[in-house]
Amino acid sequence: MREADIDQLGVKINGRNLTNLRYADDTALMSDNITSMRRILHRVDGSGKKAGLKLNAKKTKVMQLKPENSSLYDVKIDQTVLENVEDFKYLGSVKTIDGSCSKDIKMRIGMAKKKMIELNNVWKDHNIPIELKLKLLKGL
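As recorded in an unreviewed UniProt entry, the protein goes by the name Catenin (Cadherin-associated protein), alpha 3, listed as coming from Elysia marginata.

Printed below as a string of structure tokens:
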């Protein structure tokens, strides 16, 4: 990422440019306009190629925060148009085009519900003390 020379691009927050969020092998690139985003992506791709790495166009997604009724712009890697998405999952949390967290909340409630159903035999077992069931329920 350092070799990509993207520090002057990106989104300005508190006087500092932010171009990416990274955790392990997950990276989210950020920009305040489409031209800058294309430049960042091109530089990151070029630096990666020099190091023997290749961006996977099938796994790379683009989310353009835009006002209503404006058109989406194509972003490409090696002549492959990247998929435009309205939401994506990053580090277990759903990020949406409108900044809402309702999709993330629904997803987390669904995961909790699934786990509760998986423990159905525990909840119905009369040989397990209620105190233990409560500890399980509270996650203690």
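What follows continues from the structure just given.
J.: Where do I start with the overall build of the protein in this structure?
T.: Along the protein, the regular secondary structure elements total four helices and 10 strands. Helices and strands in the protein line up, N terminus first, as β-β-β-β-α-β-β-β-β-β-β-α-α-α. Taken over C-alpha atoms, the radius of gyration comes to 21 Å for the protein, far larger than the 14 Å a tight globule of 140 residues would show. Across its three principal directions, the C-alpha atoms of the protein cover 65 × 40 × 35 Å.

J.: How do you make sense of the environment of Val62 when you look at a structure like this?
T.: Assignment of secondary structure puts Val62 in strand β5 (residues 61-62). Separated by 28 residues in the primary sequence, Val62 and Ile34 place their C-alpha atoms 10 Å from one another. In this structure Val62 touches Val75, Leu82, Glu83, Asn84 and Val85, once residues within four positions along its chain are discounted.

J.: Explain the nonpolar core to me, please; I cannot follow it from the model alone.
T.: General note: in soluble globular proteins, nonpolar side chains tend to be found buried as a group. Counting seven residues, the largest nonpolar core is built from Ile34, Leu41, Ala57, Val62, Val75, Ile77 and Leu82. Non-local contacts of Ile77, meaning those with residues more than four positions away in its chain, are made with Leu41, Asp45, Leu55, Thr60 and Leu82.

J.: In this structure, what is going on with the pattern of salt bridges? I would like to understand it.
T.: Any two side chains of opposite charge can pair, on the condition that their charged atoms come close. In total, this model carries six salt bridges according to the counting rule given. Between Lys49 and Asp45 there is a salt bridge whose closest N-O contact spans 3.4 Å. One end of the pair, Lys49, and the other, Asp45, are both in helix α1 (residues 34-50), four residues apart, so they sit about a helical turn from each other. Among the residues examined, Lys49 registers a relative accessible area of 40% and is labelled partly exposed. Among the salt bridges present, the one from Glu118 reaches Lys115, with a minimum N-O distance of 3.4 Å. Of this pair, Glu118 and Lys115 both sit in helix α2 (residues 102-118), three residues apart, roughly one helical turn. Residue Glu118 is classed as partly exposed on the basis of its relative accessible area, which comes to 45%. Look at the salt bridges and you will find they share partners, linking Asp45, Lys49 and Asp78 into a network.

J.: Where do I start with the side chain of Gln64 in this structure?
T.: On the secondary structure map, Gln64 appears in the loop between β5 and β6 (76-77). Within the local environment of Gln64, its side chain forms a polar contact with the side chain of Asn84, the two groups lying 2.9 Å apart. With residues up to four places along the chain from it excluded, the contact list for Gln64 reads Ile34, Leu72, Tyr73, Val75, Asn84 and Ile97.

J.: Explanation requested: the pairing of strand β4 (residues 26-29) in the structure shown.
T.: The side chains of a regular strand alternate between both faces of the sheet. Summarising the sheet, strand β3 (residues 20-23) and β4 pair through four bridges and their orientation is antiparallel. Residue pairing across strands places Asn20 opposite Leu29, the latter belonging to β4. A loop of two residues connects β3 with β4, the two strands running antiparallel in sequence, and Ala24 in this loop sits at a positive phi of about 55°.

J.: When you look at the confidence of the model for the protein in this model, what are you seeing that I'm missing?
T.: Any residue range with low pLDDT should be treated as having predicted coordinates unsuitable for detailed reading. Averaged over every residue, the pLDDT of the protein is 82; residues scoring 70 or more account for 91%. Confidence, expressed as mean pLDDT per element, reaches its minimum in the protein at β3 with 77 and its maximum at helix α3 (residues 120-124) with 91.

J.: Sorry, what's going on with the side chain of Lys133 here?
T.: Topologically, Lys133 is positioned in helix α4 (residues 130-138). Asp125 is the oppositely charged side chain nearest to the buried, salt-bridge-free Lys133, at an N-O distance of 6.2 Å. A distance of 2.9 Å separates a polar atom in the side chain of Lys133 from the backbone oxygen of Trp123. In contact with Lys133, not counting residues within four places along its chain, are Val122, Trp123, Lys124, Asp125 and Ile128.

Conventions adopted
Residues numbered from 1 in each chain as written. Predicted model: local features only at pLDDT ≥ 70, side-chain atom pairs only at ≥ 80, totals over all residues. Heavy atoms only, no water. Helix = DSSP H or I, 4+ residues; strand = E, 2+ residues; numbered from the N terminus. Rg over C-alpha atoms; globule rule 2.2 N^0.38 Å. Contact = heavy atoms within 4.5 Å. Core = buried A, V, L, I, M, F, W, Y, C linked by side-chain atoms within 4.5 Å. Buried < 20%, exposed > 50% of the residue type's maximum accessible area, 1.4 Å probe, protein only. Salt bridge = Lys/Arg side-chain N within 4 Å of Asp/Glu carboxyl O. Polar contact = N/O pair within 3.5 Å; in protein donor to acceptor, adjacent residues only side chain to side chain. Pairing = 2+ DSSP bridges. pLDDT = per-residue confidence, 0-100. Lys, Arg positive; Asp, Glu negative; His and termini not counted.

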